[in-house]
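Fold and contact review
Okay, here's what each chain looks like letter by letter:
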Amino acid sequence: MAAGMRRSAIEYHRPERLADVFELRGAPDTWLVAGGTDLMVRVREGAVRPRAIVSLRRIPELGGIEVADGARIGALTRVSQIVRDGRLGERWTALALAARSLGSAQIRNMATVGGNLCNASPCADLAPPLLAADARATVVSPRGSREMDLADLFEGPRVTALAPDEVLQDIRLGAPPAGSRSIFLKKGRVAMDIALASISVQLLVDSGCLRSVRVAAGSLAPTPVRLRRVEAALEGKPPDEDVLSLARAAACEEVRPISDVRASADYRRHLAGAFVERAVRSLAGGNGR
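The structure reproduced in this document is the subject of the present report.

Quick notes on the rules
- Residues numbered from 1 in each chain as written.
- Predicted model: local features only at pLDDT ≥ 70, side-chain atom pairs only at ≥ 80, totals over all residues.
- Heavy atoms only, no water.
- Salt bridge = Lys/Arg side-chain N within 4 Å of Asp/Glu carboxyl O.
- Helix = DSSP H or I, 4+ residues; strand = E, 2+ residues; numbered from the N terminus.
- Pairing = 2+ DSSP bridges.
- Axes fitted to C-alpha atoms, helices over the stretch in contact; angles between N-to-C directions.
- Contact = heavy atoms within 4.5 Å.
- Buried < 20%, exposed > 50% of the residue type's maximum accessible area, 1.4 Å probe, protein only.

1. Examining the pattern of salt bridges
Inspection of every chain in the model, using the stated rule, returns 22 salt bridges. For R51, the salt bridge is made with E11, and the minimal N-O distance between the two is 3.0 Å. One end of the pair, R51, is in the loop between α2 (39-45) and β3 (52-55); the other, E11, is in strand β1 (residues 11-13), with 40 residues separating them in the sequence. Close ionic contact of R281 with E241 constitutes a salt bridge, the shortest N to O distance being 2.7 Å. Placement of R281 in helix α11 (residues 265-284) and of E241 in helix α10 (residues 241-254) is noted, with a sequence separation of 40 residues between them. In this structure, a network of salt bridges that share partners links the residues E66, R72, D170 and R172.

Given below as structure tokens:
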């Protein structure tokens, strides 16, 4: 940078109404931020240079956890709140496990559900258990609100289906099937590392067979994904060695991992198959809730 030249300061806004958020968001190079645990790192690294940042922290419609038959989790819910909420942990164990695995205590106290999802990283820890729970997303704009399957939110690495004037309001969970159990498994290089691979499984065992099987993966495709072929390999089958072997092979074939500085694609495929087998064995054996 030439002598005497300085980067222009980033504007920072803290609106208290959604209407003001919509108005501010229309300006070029304007980023919405909740916890800011990812964006601030990218700004410091020079990967992005926003003209303006709009904090969502003061928008009441985006907060809160409500649990009845199902659950509503506001986009501004901190990850640490999920860890501490026994109602969520009791019924959506995999979600609580994923929240507990996310970063350090300091990061969990800042990071939010909406930020983790709208960052649209393939390795978003909260995405696989929410996908396995058939979660739906509510998004709002000046035109009103609409719901979508959470799976439809992710279009590519760091790309969501949100329109330029839309904001994620909350995540909705239906009541899990009676007797169902769930689990979340994750592999990183070291403690508090982002996932090399993660798998979440939700299922129930009825008359010796697996039912209502849901399997989702992170860090194993360009976006967090449901593994439909794995689900089909398990649904209605007994959790015996032949079925587990087929499910493991289906997982290895269905995922689409990349090779990078952290792990090879082949190693990630191995983890996908191993985690699916381990998760089903654990849940079929009575672990998880």
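Now that the structure is up, let's keep going.
2. Section: the sheet that holds β1
Taking strand neighbours across the sheet as the criterion, the three strands line up as β1-β3-β2 in an open arrangement whose pairing is parallel. Two strands lie at the open edges of the sheet, namely β1 and β2 (30-33), each paired on one side alone. Strand-to-strand twist in this sheet, taken as the mean axis angle between neighbours without regard to direction, amounts to 20 degrees. Contacting β1, β2 and β3, helix α1 (residues 18-25) runs over the sheet at an angle of about 145 degrees to β2.

3. Structural notes on the pairing of strand β12 (residues 197-206)
With respect to burial, β12 is a largely interior element, eight of its 10 residues being buried. Relative to β12, strand β11 (residues 181-187) is paired through seven bridges, and the arrangement is antiparallel. Within β12, the residue paired with F184 across the bridge is S200. Pairing between β12 and strand β13 (residues 209-218): eight bridges, direction antiparallel. The residue of β13 that forms the bridge with V201 is V215.

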